Amino acid sequence: MADEMNERQVYDAHTKEIDLVNRDPKHLNDHVVKIDFEDVIAEPEGIHSFDGIWKASFTTFTVTKYWFYRLLSAIVGIPLALLWGIYFAIVSFVHIWVVVPYIKSFLIEIQCFSRIYSICIHTLCDPLFEATGKIFSNVRISVQKEI
């Protein structure tokens, strides 16, 4: 039963439905400038073009931006998705098969040196500090305020 559940979870992770409405659910591109017609072209009070020209300019800007983005996505998006997929696969592979095992082996090897270092410090420093402590253990300091 548990194996079947795990297999289903693995299967669902690769075939899950994508959200075609909210395409940035983790808000990765909130920092990207969202440019609308009003952000680029504005006519101040007192100087206006014909209403028809203003509407046509708005429509031209909006439709051109929309379709040119779609065209670029269709032409360049799939090859870039392939390249980014390969890149993140390599990064994951290197992290899983090289970085983490190297760090774990380094930590295992450094334990030996850590113990040797600890023995040396305790052997050399402990008697020195104990002797220094005994020397100053009989020192008495008193403070008197003279008027």
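Here is what the cut-offs are and how they apply
Residues numbered from 1 in each chain as written. Predicted model: local features only at pLDDT ≥ 70, side-chain atom pairs only at ≥ 80, totals over all residues. Heavy atoms only, no water. Helix = DSSP H or I, 4+ residues; strand = E, 2+ residues; numbered from the N terminus. Areas by Shrake-Rupley, 256 points an atom, 1.4 Å probe, with all protein chains shown as cover. pLDDT = per-residue confidence, 0-100. UniProt positions renumbered as here; feature names shortened; annotations may be inferred. Phe/Tyr/Trp six-rings, centres within 6.5 Å; stacked < 30°, edge-to-face > 60°. Buried < 20%, exposed > 50% of the residue type's maximum accessible area, 1.4 Å probe, protein only. Lys NZ or Arg CZ within 6 Å of the ring centre and 35° of its normal.

Enquirer: Mind laying out the overall build of the chain, listing which residues take part and the relevant values?
Expert: The number of helices and strands found in the chain is 3 helices and 0 strands. Walking the chain from its N terminus toward its C terminus, one meets helices and strands in the order α-α-α. For the chain, the accessible area works out to roughly 14,500 Å², and carbon and sulfur atoms hold 68% of it.

Enquirer: Describe the confidence of the model for the chain, with residues and values.
Expert: The predicted model of the chain averages 86 in pLDDT, with 89% of residues at 70 or higher. Confidence scores differ between elements of the chain, with helix α1 (residues 2-15) showing the lowest mean pLDDT of 58 and helix α3 (residues 51-136) the highest of 94.

Enquirer: Could you give an account of the UniProt feature "transmembrane region" (unreviewed entry) in the chain, naming the residues involved and the relevant values?
Expert: The feature "transmembrane region" (unreviewed entry), as given by UniProt, occupies residues 67-100 in the numbering adopted here. End C-alpha to end C-alpha, residues 67-100 measures 45 Å, and it is 100% helix and 0% strand.

Enquirer: For the packing of aromatic side chains, give the residues involved together with the corresponding values.
Expert: With the rule as written, the count across this model stands at 9 aromatic pairs. Here the aromatic rings of Phe-93 and Trp-97 are separated by 6.4 Å at their centres, their planes lie at 35°, and the arrangement is tilted. Taken together, the residues span about one helical turn, with Phe-93 and Trp-97 both in helix α3 at a distance of 4 residues. On the basis of relative accessibility, which here comes to 59%, the residue Trp-97 falls in the exposed class. Here a set of aromatic residues connected by ring pairs shows up, and it is made of Phe-37, Trp-54, Phe-58 and Phe-61. Taking the ring centre of Trp-67 as reference, the NZ or CZ of Arg-70 above it sits at 5.2 Å.

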